[in-house]
Amino acid sequence: MSTEATGANARPAGADAGPLGYLALGLTLLAYGLLATGILSGTGVKDAVALAHLVGGVTLFIAGLWQLRSGDTFTGTAFTGLGAFWATWSVAAGAGKHAAGLFLLLWALLAFTLAVASWTSGLFSRLVYGLLTVALLLSAIATFAGSGGLAKAAGWIAALAGAAAWYWATAALTNSGWGRIALPVK
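Criteria and thresholds
Residues numbered from 1 in each chain as written. Predicted model: local features only at pLDDT ≥ 70, side-chain atom pairs only at ≥ 80, totals over all residues. Heavy atoms only, no water. 1 Å grid on protein atoms, 1.4 Å probe; cavity = no way out; pocket = protein on both sides within 12 Å on 5 of 7 lines; lining within 4 Å. Points joined across faces, edges and corners; volume = space filled by probe spheres on them. Helix = DSSP H or I, 4+ residues; strand = E, 2+ residues; numbered from the N terminus. Nonpolar A, V, L, I, M, F, W, Y, C, P; charged D, E, K, R; others polar. Phe/Tyr/Trp six-rings, centres within 6.5 Å; stacked < 30°, edge-to-face > 60°. Buried < 20%, exposed > 50% of the residue type's maximum accessible area, 1.4 Å probe, protein only. Core = buried A, V, L, I, M, F, W, Y, C linked by side-chain atoms within 4.5 Å.

K.L.:
Could you clarify how one ought to interpret empty space enclosed by the protein in this entry?
P.N.:
Where empty space is left can be seen by rolling a probe of water-molecule size over the atoms. For the structure on display, the rule yields one cavity of 30 Å³ or more. As a volume, the largest cavity reaches approximately 40 Å³. Of all the elements in the fold, those that place two or more residues in the lining of the largest cavity are α1 (18-37), α3 (73-91) and α5 (123-145). Broken down by class, the residue content of the lining of the largest cavity amounts to eight nonpolar, one polar and no charged.

The following block contains the structure:
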């Protein structure tokens with residue numbers, strides 16, 4: 001018996017999880033970044049843990065596996081790698097300053113790899129992964145140095161990366177749904 005879905009339950013083999021992944025990445029980065037800036041009184045980065053774990057970790061990881069299954073190596077690698085980052089970050093509370101700084105620095109290397117690999121993919125890919133690289137690098141330096149000001153700057157940059165990822169997903173969904181270019185993505 002075939003395990004393939006048919007009829008109303010069928011899903012196109014090449015269904016794109018890119019918008020889902022970019023929404024998950026965008027919302028997680030926006031929450032993390034804005035909470036890191038301190039603009040909301042009485043909140044901090046620790047308040048983004050549940051969102052980071054479920055949306056940034058689990059959803060991104062699943063979207064990444066979906067993209068890998070459909071043959072999209074770049075986006076699949078980006079989403080599964082960043083999903084692993086968010087899932088790990090969300091449970092790493094209590095790590096010492098040096099371990100946390102090293103963790104952020106190593107993940108900045110992943111973000112840098114993604115920024116370089118996305119160079120021909122369009123403005124928004126470069127923007128998302130380039131800003132993410134800078135945000136993680138600044139966060140690592142801020143963690144090592146214990147600099148609250150640098151951590152806030154990193155938060156603003158992470159929020160900008162999140163806004164770019166969110167816009168990309170919104171444009172992709174809108175353009176697909178409307179059947180025309182309503183919001184530019186390149």
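And the narrative resumes.
K.L.:
What am I meant to see in the packing of aromatic side chains here?
P.N.:
What describes a pair of aromatic rings is the distance from one ring centre to the other and the angle between the planes of the rings. Using the criterion set out here, one finds 12 aromatic pairs in the structure. The interplanar angle of 55° and the centroid separation of 5.5 Å between the aromatic rings of Phe-85 and Trp-107 together place this pair among those described as tilted. One end of the pair, Phe-85, is in helix α3; the other, Trp-107, is in helix α4 (residues 97-117), with 22 residues separating them in the sequence. For the pair shown, Phe-85 and Trp-107 are each scored as buried.

K.L.:
Looking at this structure, how should I read the nonpolar core?
P.N.:
Note on soluble globular proteins: their nonpolar side chains tend to be buried together. Counting 39 residues, the largest nonpolar core has Tyr-22, Leu-25, Trp-86 and Tyr-129 as the members making the most contacts within it. Counting only elements with at least two residues in this core, the list comes to α1, α2 (49-69), α3, α4, α5 and α6 (148-178). Counting residues per element, this core draws most heavily on α4, which supplies eight residues.

Spatial relationships are all this shows, so hold off on functional conclusions.
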